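Structural description and commentary
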Amino acid sequence: MTERKRGQTKAYQNTGFLNSKDARALRILSEYLEPKSRFDHHRVDDTIVFMGSARIKSREAAEEMVRKANTGGKDRERAQMAVKMSVYYEAARELASRLTKWSKELDHEERRFVVCTGGGPGIMEAANRGAAEAQGMNVGLTISIPVEEFDNKYVTRELAFHFHYFFMRKFWFAYLAKAVIVFPGGYGTLDELFELLTLVQTRKMSKPMPIVLFGTEYWREVIDFDALARHGTIDAKDIELMHRTDSVDDAYEWIVRQLAEKALGQPGATL
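Residues numbered from 1 in each chain as written. Predicted model: local features only at pLDDT ≥ 70, side-chain atom pairs only at ≥ 80, totals over all residues. Heavy atoms only, no water.

**Digging into unusual backbone geometry**
One non-glycine residue, Phe113, lies in the positive phi region at around 55 degrees. With respect to the helices and strands, the residue Phe113 is situated in the loop between α4 (74-104) and β2 (114-117). Overall, Phe113 belongs to the buried group, its relative accessible area being 0%. Even without a glycine there, the phi angle at Arg203 is positive, about 60 degrees. Checked against the element boundaries, Arg203 lands in the loop between α7 (187-201) and β6 (211-214). (Helix = DSSP H or I, 4+ residues; strand = E, 2+ residues; numbered from the N terminus. Buried < 20%, exposed > 50% of the residue type's maximum accessible area, 1.4 Å probe, protein only.)

**Regarding the pairing of strand β3 (residues 139-143)**
In terms of residue burial, β3 counts as a mostly covered element, since four of its five residues are buried. The pairing of β2 with β3 spans two bridges and is parallel. Within the sheet, the bridge partner assigned to Thr117 lies in β3 and is Gly140. When β3 meets strand β4 (residues 160-163), the two strands line up parallel, connected through four bridges. (Pairing = 2+ DSSP bridges.)

**Section: the pattern of salt bridges**
Tallying each qualifying case throughout the model produces 18 salt bridges. In this structure, Lys68 engages Glu64 in a salt bridge whose closest nitrogen and oxygen atoms are separated by 3.7 Å. Here Lys68 and its partner Glu64 are both found in helix α3 (residues 59-68), four residues apart, which amounts to about one turn of the helix. Here Lys68 falls in the exposed class, since its relative accessible area comes to 64%. Owing to a relative accessible area of 29%, Glu64 belongs among the partly exposed residues under this scheme. Notably, a salt bridge pairs Asp191 with Lys170, separated by 2.5 Å at the nearest N-O pair. Here Asp191 is found in helix α7, whereas its partner Lys170 is found in helix α6 (residues 166-176), with 21 residues between them in sequence. (Salt bridge = Lys/Arg side-chain N within 4 Å of Asp/Glu carboxyl O.)

Quick look at the structure:
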């Protein structure tokens, strides 16, 4: 009777091990190496990051909510607020389109200042949509969370990433970014904004990082930066780390000027 040969599995093919707590370091490393491989292959040097609420709707979708809403009550109020907030969707869409057209004129081989978002709906969809309408490649850095998955069809397929670890996703936001535009958003947007501000304020981020806060009324109501300075918890000059505006023209001109002066001659990812 012949003895049956015992099956053998190589460690890097052992899914039980790869998904265990002992292999966590490998999974973290994978979320660095696999995106890096794709960014290098597609010659994406750096990005302009758009942040903002996943809940903000396009003008068309918001107006459809109004048509379907009851004549009174909470549904009507939510629909009317959706229409009001839709101006930010359309602004992000237009700004991403204009910046993409500008960046495409810079270098026909390397891809500079590529629009990058969290790959979800709302402001993220708007920015990816604007970049796609300008026929430019754009990046989506999605995260696995226990909510219904959303398909942002405007993200360039080859540059659509899906992360498990929030901190690795944040790393790729910060590492490639040469400018950040923050539209009205909730907890996630605030988290990302304050982490970037902390890196800039403490000079842990050595590269210039132009940050635009788009939507002065919203940001003035939601965060009182001046109060932080008055109470002495930040310096008055720390408020100047952000450029605040309501104008697509102003945001576009300010970002292009900042990038031309501080980033154009320094391609590539860096902190």
